[in-house]
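Each chain, written out:
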Amino acid sequence: MSLRRILTVDTDMAVLKQVSTPVETVDDDLRALMDDMLETMYDAPGIGLAAIQVGVPKRVIVMDLARGEDEEPAPRYFVNPEILWASEETQPYEEGCLSVPEIYDEVERPARVKLRYLDYHGKTVEEDAEGLYAVCIQHEMDHLEGVLFIDHLSRLKRERAVKKVAKAAKAA
Ligand code: ZN
């Protein structure tokens with residue numbers, strides 16, 4: 001396993017805006033990518049990461065919603081995820097993103113979704129998601145379409161966020 005560089009909006013916007021392509025087979029190469037992504041996400045640290053955020057335009061997501069030092073890690077892997085159903089009821093959540101470091105803002109999304117995806121072994125899974133799980137999977141699936149959470153904000157807020165990230169990167 002190895003750490004990958006996480007792309008950020010100040011320098012890598014064009015890559016982050018790409019639409020990712022479906023995976024044809026879940027094989028050892030893909031599992032190696034998912035292992036790297038998980039390690040990179042834990043290192044950051046974050047709770048979700050899409051492959052495009054490490055510069056790979058494939059429809060792959062890793063996630064771990066376990067919180068706190070004393071909680072067992074609970075990694076989840078999603079290949080070619082689809083939303084089969086979304087509730088009309090929405091919920092607001094203050095989101096952040098490893099590609100938009102240190103910026104947090106409220107985004108409103110469906111409160112519950114029904115998902116279909118392939119897991120780490122290529123097995124088809126159908127699952128309902130709510131709460132933080134629903135927020136996170138919708139945020140990550142947006143990445144597969146080249147959409148960032150700041151795209152859900154006003155243009156003013158979005159431009160301010162990108163400027164702030166650029167300024168922080170320069171200062172570092
Ligand atoms: Zn993100």
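Quick note: structure is the one above.
Trainee: Where do I start with the sheet that holds strand β2 (residues 60-64) in this structure?
Mentor: Adjacent strands of a sheet form backbone hydrogen bonds with each other and so pair up, either parallel or antiparallel. In space, the five strands of this open sheet follow the order β1-β2-β3-β6-β7, with antiparallel pairing throughout. The two strands at the open ends of the sheet, each matched to only one other strand, are β1 (48-50) and β7 (124-130). Adjacent strand axes in the sheet meet at a mean angle of 40° when their direction is disregarded. Relative to β2, β1 is paired through three bridges, and the arrangement is antiparallel. Within β2, the residue paired with Gly48 across the bridge is Met63. Each of β1, β2 and β3 (75-86) is contacted by helix α2 (residues 28-43), which is oriented at about 40° to β2, the strand it contacts most.

Trainee: Before we go on, may I ask you to explain the packing of helix α1 (residues 9-16) against helix α4 (residues 155-171) in this structure?
Mentor: For the pair α1 and α4, the least separation of the axes is 10 Å and the interaxial angle reads 125°. Compared by their axis directions, α1 and α4 come out oblique. From α1, Val9, Asp10 and Met13 reach across to α4, where they touch Val162, Val165, Ala166 and Ala169. Of the residues belonging to the contact of α1 with α4, the class tally is six nonpolar, no polar and one charged.

Trainee: What is the right way to read the coordination of the zinc ion from this model?
Mentor: Metal coordination angles in their ideal form are 109.5 degrees for the four-donor tetrahedron and 90 or 180 degrees for the six-donor octahedron. Around the zinc ion, the protein supplies Cys97 (SG), His139 (NE2) and His143 (NE2) as donor atoms, at distances of 2.1 to 2.3 Å. Written as a sequence motif, the donor arrangement for the zinc ion is C-x41-H-x3-H. Here the residue Cys97 occupies a position in the loop between β4 (90-95) and β5 (105-110), and His143 occupies one in helix α3 (residues 131-144), the gap between them amounting to 46 residues. For the residue pair Cys97 and His143, the accessibility class agrees, reading buried in each case.

Trainee: Would you mind showing me how to read the nonpolar core here?
Mentor: Generally speaking, soluble globular proteins have nonpolar side chains that are buried together. Membership of the largest hydrophobic core comes to 18 residues, with the highest contact counts inside it found for Leu30, Met34, Met37, Leu49, Val60 and Val62. For this core, the elements supplying multiple residues, two or more each, are α2, β2 and β3. Here this core takes six residues from α2, the largest share from any one element. Counting 17 residues, the second largest nonpolar core, distinct from the first, contains Ile61, Met63, Tyr117 and Ile137.

Trainee: I'm lost on the side chain of Arg59 in this one. Help?
Mentor: Secondary-structure assignment places Arg59 in the loop between β1 and β2. There is a polar contact of 2.8 Å between the side chain of Arg59 and the backbone oxygen of Ser20. From its side chain, Arg59 meets the backbone oxygen of Leu144 in a polar contact 3.4 Å long. If near-sequence neighbours (up to four positions away) are discounted, Arg59 is found in contact with Val19, Ser20, Thr21, Pro22, Val23, Phe78, Val79, Asn80, Pro81, Leu144 and Glu145.

Trainee: Hey, could you run me through the pairing of β2 in this one?
Mentor: On any regular strand, side chains alternate: one points to one face of the sheet, the next to the other face. Among the five residues in β2, five count as buried, and that is most of the element. Along β2, one buried face is formed by Val60, Val62 and Asp64 and the opposite face, lined by Ile61 and Met63, is buried too.

Quick notes on the rules
- Residues numbered from 1 in each chain as written.
- Predicted model: local features only at pLDDT ≥ 70, side-chain atom pairs only at ≥ 80, totals over all residues.
- Heavy atoms only, no water.
- Pairing = 2+ DSSP bridges.
- Helix = DSSP H or I, 4+ residues; strand = E, 2+ residues; numbered from the N terminus.
- Axes fitted to C-alpha atoms, helices over the stretch in contact; angles between N-to-C directions.
- Contact = heavy atoms within 4.5 Å.
- Parallel < 35°, antiparallel > 145°, perpendicular 65-115°, else oblique.
- Nonpolar A, V, L, I, M, F, W, Y, C, P; charged D, E, K, R; others polar.
- Donors = N, O, S within 2.8 Å, 3.2 Å for Na, K, Ca; no water.
- Buried < 20%, exposed > 50% of the residue type's maximum accessible area, 1.4 Å probe, protein only.
- Core = buried A, V, L, I, M, F, W, Y, C linked by side-chain atoms within 4.5 Å.
- Polar contact = N/O pair within 3.5 Å; in protein donor to acceptor, adjacent residues only side chain to side chain.

Note that every value here comes from positions in space, so none of it alone points to a role or purpose.
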